Amino acid sequence: MLFNHRFTKPAHARLTCAVFVVALAAIAPYAAHAQYLHPKIISKQTTIRNIVLLPAKVEIVRDSMKGPEGMGAESEQLSARVAQLVADALAAKHITSLTVPSAPTDGDSQQKYTVADIQSRYDDLLPKITKKKKDVKKGRFSMGDEVLNLNVDKKADAIVFIRGRGQKLTSGKKAFVLLVGGMPAYLQLTIGIVDAHTGEVLLYTDSISAGDPTDPSSNRARKGITKSLKKLPAI
Amino acid sequence: MNPSSSRYLVVAFLCFCLTISICSPSFAQVTAQQPPSSGQGTQPASAKTQSPANEDFEFGKSDLELLEQVNILDRRFEREGLVLEDETTNAYLKRIGDLLVPRGLKLENVVWKFRALRDPVPNAFALPNGSIYITTGLLALVDNESEVAAVLAHELTHVMRRHSYLENRSNRKKFLTMNIIAAVGAFNPLGGAAGAAILIITTVAPFLVIATIFGYSRELEHEADLKGVELMANAEYPPEEMVKMLKLLNNDIEGEQIRLFYNDHPALQDRIKYVSAYLGGNAVPTTAAMELNRERAAYFARAEPIMRHDIQLAINAARFRSAVYLSQRLVEFHPDSSENVFLLAESYRTLGPRSPQLTDKDLTNSAKKDAAKKRAKRTPEEEERDLLATPGGQENWKTNQQKAEELYLRALQLDTPFPAAHRGLGMLYEKLERRTDAANEYEEYLELAPTAIDGERIKRRIEALRRPQNAIQSPIH
């Protein structure tokens, strides 16, 4: 009796909890999106017609019972896929993605450095944006006119920065997460759209979606990106 | 046996296994590779007797997976423009590295590469595939070739002793342990004293496991420091430069807790102490080659382009005090160089309302913590604005701008004046709202450097400055 009382009651509670979580995961789209627009975009003082997509940086890891392991090759593939999905989502709003004229080539170190420096400038600003995302609406964040050093196409209105991270679970870890709890497989993406002339952050959006980020058949990333750019006015 | 007692035994057995597994990985590794004891001031016998390389190491599946990942990382550093693509620098680093690697040493899955990483934070690291990176921030900070050798020798030891693989193996075991602990904790079926004991163990154990992860890392760092000293002596580099290099890193210019070679190192003061003590018992006679290798002027002549590159990176990364410190050194070394004087001027201009050096008060632990919190919240422009609202900030701003102007003008008076000094003056005058002067300087810059990468940016600034003031539309940053 004592055994039953002590063991089955918490087990029953855990089972109920697990069923609730599974049901919630099945029913809900399980994705959160947030979008913050600069007043210039809201007031239509600035219209984004053409953009330049800088190489996306998405890092994913494989989480196993023995800890996280790198997935370098898969991260590179996913970065390219996410960049394409963002370009598609913007194309649906009739925003044209221009090629990066300064695409780093092996022989051109200076151009490679310039792109790297602009990317790292954005990376320095990103934690400040994520700390107070709402301030994008106040027009608080800017990368300065150094963005002009990129020498992108003169038609370009904005530069798009994509960052992301995620994790995939091994089958052992999946079982562990189900039984004990922990972070499930997910993909978190942030997109920053910066004025190509003044460096002002015109739009910041982040989304998180559950599920294996490396699954090419999954439509979650596409849906997440489309939803996270929903507020951006179409032309 | 009733079900309750059998369950009790199972849980007790699991707890016993956990306790063993927490203690055993680090112990096992200490036995396997015999890293020296971490006691201060004691010379570990193992450091002298061990081979420089871990010859018993055999690759396992997880090691090969790690190798594959670091090879990808290596290619990525290059592709993303993080590696300094300068043949001279890489050849120089390779020459030092080749001197340090013991002759005839062949290691499986290791191809030695020594490269500079474009990063103003003083740091260095080694990948287990033999790629050793030293940041431009560290190359600009050191005084001579021997100090570069000290950094490389430390990193070489990590590769030769297979530290990354060992640490990875150790961490995997410890993560597994932590997960088992979590599982036991979640399904603790017992009540009473036994249940409470299990609860305490499963709560405390993860912290102990994490502590062993850091502890093991520190042991490896300790070994790398001491083996590095030996490698230096064998290659005729004065090993005491290792201590000088560590002291150099202790100079906290930015008021931040500067990470050293990596995150999980022993405290710098401790490292200085144990390396000094180790050297005390292992005096190496000085040779002519050693004297040559610590010649400051020769190093500065070689590293001048890297230092210039790094100063620009430091300014871009808002490490203004480092930029002032490094460009001041460069000007002292080569005062007739227009580019060096220009960089010092740029450093003072961008320093704005900040003081060139931090005070003792700024360098207290609590002040550093406060500053780090503010840095995380404010952009450099906001920091500048806040400082300008204080009398001290205004005073600094005035002094720094005056110095910058003097230096820009000096740079333009030297032989082969550096054109960007006009751009710097333009930016300075723009801040001072001397619009015509600013536009004139910008125009002069574009005339002297028509193909400058920032040409478009400067043209737009000129347009904005030449426009009547009430017609200004876009802000200038």
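Draft legend 1. Local environment of the overall build of chain A. Check the secondary structure of chain A and you find six helices and eight strands. Each helix and strand of chain A, placed in order from N terminus to C terminus, yields the pattern α-β-α-β-β-β-α-β-α-β-α-β-β-α. By the burial criterion, 48% of the 235 residues in chain A qualify as buried. With the model as given, the accessible surface of chain A reaches about 11400 Å², and the carbon-plus-sulfur share is 58%.

Draft legend 2. Spotlight on the interface of chain A and chain B. Taken together, the contact pairs 48 residues of chain A with 46 residues of chain B. Between Arg76 of chain B and Glu59 of chain A there is a salt bridge, and its shortest N-O distance comes to 2.5 Å. Run the count over chain A and chain B and you get 18 residue pairs in polar contact (both at pLDDT 80 or more). Taken together, the elements giving at least two residues each to the side of chain A that touches chain B come down to α1 (2–27), β3 (57–64), β4 (67–70), α3 (72–91), α4 (109–131) and α5 (171–179) of chain A. If you tally residues by element for the side of chain A that touches chain B, the top one is α4 of chain A, at 13 residues. A per-class count over the side of chain A that touches chain B returns 14 nonpolar, 14 polar and 20 charged.

Draft legend 3. A look at the nonpolar core. By size, the foremost hydrophobic cluster in this structure holds 92 residues, and its most contacted members are Leu100, Val148, Val275 and Tyr299 of chain B. In terms of residues, this core owes the most to one element, helix α6 (residues 145–160) of chain B, which gives nine residues. Judged by nonpolar contacts, the second largest core, of 31 residues, contains Ile51, Ile95, Ile193 and Leu203 of chain A.

Draft legend 4. Examining the environment of Leu93 of chain B more closely. Residues and elements named next belong to chain B. Following the sequence through the fold, Leu93 ends up in helix α4 (residues 87–100). A relative accessible area of 1% places Leu93 in the buried class. Between the C-alpha atoms of Leu93 and His309, which are 216 residues apart in sequence, the distance is 17 Å. Contacts of Leu93, omitting those with residues within four sequence positions, involve Phe114, Arg115, Ala116, Ile134, Leu139, Val148 and Leu152.

Draft legend 5. Spotlight on the pairing of strand β7 (residues 186–195) of chain A. All names here are of chain A. Counting buried positions over the ten residues of β7 gives nine, a clear majority of the element. Alignment of strand β6 (residues 158–169) against β7, held across ten bridges, turns out to be antiparallel. The residue of β7 that forms the bridge with Ile159 is Val194. Where β7 and strand β8 (residues 201–210) come together, nine bridges link them in antiparallel fashion. The partner of Leu189 across the bridge, within β8, is Ser207. Connecting β7 to the antiparallel partner β8 that follows it, the hairpin turn spans five residues, and Gly199 within it adopts a positive phi of roughly 85°.

Draft legend 6. View of the confidence of the model for chain B. All names here are of chain B. Averaged over every residue, the pLDDT of chain B is 85; residues scoring 70 or more account for 85%. In the model, residues 472–477 has pLDDT below 50 throughout and makes 15 contacts with residues more than four positions away in sequence or in other chains. Interface confidence for the predicted complex, given as ipTM, is 0.83, next to a pTM of 0.84.

Draft legend 7. Seen up close, the confidence of the model for chain A. Mean pLDDT for chain A: 85, with 83% of residues reaching 70 or above. Within the model, pLDDT remains below 50 along residues 26–30 of chain A, and this stretch shows four contacts once partners closer than five positions in the same chain are excluded.

Draft legend 8. Looking closely at helix α6 (residues 220–228) of chain A. Buried within α6 of chain A are the following residues: Ala221, Gly224, Ile225 and Ser228 of chain A. Looking straight down α6 of chain A, one finds that the buried residues subtend no more than 95° of arc, so they occupy a single side.

Draft legend 9. Summary view of unusual backbone geometry. Although it is not a glycine, His94 of chain A sits at a positive phi angle of roughly 65°. Secondary-structure assignment places His94 of chain A in the loop between α3 and β5 (96–98). Owing to a relative accessible area of 55%, His94 of chain A belongs among the exposed residues under this scheme. A positive phi angle, near 60°, is found at Glu433 of chain B, a position not held by glycine.

Draft legend 10. Structural view of the sheet that holds strand β2 (residues 124–126) of chain B. All names here are of chain B. The strand order across the open sheet formed by three strands is β1-β3-β2, and the pairing between neighbours is mixed. Taken across any chain shown, the strands that pair with only one partner, and hence form the sheet edges, are β1 (113–117) and β2. Each neighbouring strand pair of the sheet contributes to a mean axis angle of 15°, computed without reference to strand direction. Strand direction decides the pairing type here: β1 and strand β3 (residues 131–135), joined by five bridges, are parallel. Bridge pairing in β3 links Lys113 to Ser131. Set on the sheet, helix α3 (residues 61–79) makes contact with β1, β2 and β3; between it and β1 the angle comes to about 45°. Helix-sheet contacts for α4 involve β1 and β3, and the interaxial angle to β1 is about 135°.

Draft legend 11. Highlighting the environment of Ile95 of chain A. All names here are of chain A. Mapping Ile95 onto the fold places it in the loop between α3 and β5. Between the alpha carbons of Ile95 and Val61 there is a distance of 32 Å; along the sequence they are 34 residues apart. With residues up to four places along the chain from it excluded, the contact list for Ile95 reads Ile48, Arg49, Asn50, Ile51, Leu90, Leu232, Pro233 and Ile235.

Draft legend 12. View of the packing of aromatic side chains. All names here are of chain B. Applying the stated rule across the entire model yields 13 aromatic pairs over all chains. On the basis of an interplanar angle of 90° and a centroid distance of 5.2 Å, the ring pair of Phe57 and Phe59 is categorised as edge-to-face. What makes Phe59 buried here is its relative accessible area of 19%. On the numbers, 5.3 Å between centres and 55° between planes, the contact of Phe300 with Phe333 is tilted. One end of the pair, Phe300, is in helix α12 (residues 296–316); the other, Phe333, is in helix α13 (residues 320–333), with 33 residues separating them in the sequence. For Phe300, a relative accessible area of 0% translates into the label buried. Take Phe333: its relative accessible area is 27%, and that puts it in the partly exposed class.

Draft legend 13. Highlighting the pattern of salt bridges. All names here are of chain A. Inspection of every chain in the model, using the stated rule, returns 54 salt bridges over all chains. When the shortest N-O distance is used, the salt bridge between Arg121 and Glu146 registers 3.3 Å. Separated by 25 residues along the polypeptide, Arg121 in helix α4 and Glu146 in the loop between α4 and β6 bring together distant segments of the chain. Its relative accessible area of 21% is what places Arg121 among the partly exposed residues.

Draft legend 14. Inspection of the packing of helix α18 (residues 420–431) of chain B against helix α20 (residues 455–466) of chain B at higher detail. All names here are of chain B. Look at α18 against α20: their axes get within 12 Å of each other, and the N-to-C directions meet at 35°. Here α18 runs over α20; the crossing is left-handed. When α18 is examined against α20, the residues Arg423, Met427 and Glu430 are found in contact with a partner set consisting of Arg457, Ile458, Arg461 and Leu465. In terms of residue class, the contact of α18 with α20 is made up of three nonpolar, no polar and four charged.

Draft legend 15. Layout of the environment of Ile118 of chain A. Along the chain, the position of Ile118 of chain A falls in helix α4. Distance in space between the C-alpha atoms of Ile118 of chain A and Ala56 of chain A is 13 Å, their sequence separation being 62 residues.

What counts and how
What you see as residue numbers is a count from 1 along each chain, following the sequence as written. Here the convention is simple: chains get letters from A, ligands get numbers from 1, in the order in which they are written. It should be noted that, the model being predicted, local features are given only for residues of pLDDT at least 70 and side-chain atom pairs only at 80 or more, the latter also being counted only at that level, while totals for whole chains, interfaces and linings use all residues. Note that water and hydrogens are dropped before the side-chain values are worked out from all heavy atoms of the structure. Think of it this way: any DSSP run of H or I at least four residues long counts as a helix, any run of E at least two long counts as a strand, and we number them from the N terminus. Think of it in three bands: with a 1.4 Å probe and only protein chains considered, a residue is buried below 20% of the maximum accessible area for its type, exposed above 50%, and partly exposed in between. In these tables, accessible area is a Shrake-Rupley quantity obtained with a 1.4 Å probe, and a residue counts as shielded only by the protein chains included in the view. For this analysis, residues touch if any pair of their heavy atoms sits within 4.5 Å. Whenever a carboxyl oxygen of Asp or Glu lies within 4 Å of a side-chain nitrogen of Lys or Arg, that contact is scored as a salt bridge. Counting of polar contacts relies on pairs of N or O atoms within 3.5 Å, with two restrictions inside protein: one atom must be capable of donating a hydrogen and the other of accepting it, and residues adjacent in sequence are counted only when both atoms are side-chain atoms. Each residue receives one of three labels: charged for Asp, Glu, Lys and Arg, nonpolar for Ala, Val, Leu, Ile, Met, Phe, Trp, Tyr, Cys and Pro, and polar for the others, Gly being one of them. Here, nonpolar core refers to any group of buried Ala, Val, Leu, Ile, Met, Phe, Trp, Tyr and Cys residues whose side-chain atoms link them within 4.5 Å. The pairing criterion is simple: DSSP has to find at least two bridges between the two strands. As a per-residue quantity, pLDDT reports the predictor's confidence and falls between 0 and 100. It is the directions from the helix axis to the C-beta atoms whose arc is reported. Axis definition: a line fit to C-alpha positions, over the contact stretch in the case of helices; interaxial angles, taken between N-to-C directions, run 0 to 180 degrees. Stacked, tilted and edge-to-face pairs are distinguished by plane angle, under 30 degrees for stacked and over 60 for edge-to-face with tilted covering the rest, among Phe, Tyr and Trp rings (Trp via its six-membered ring) whose centres lie within 6.5 Å. What makes a crossing left-handed is the near helix being turned counterclockwise from the far one by less than a right angle; a clockwise turn instead makes it right-handed.

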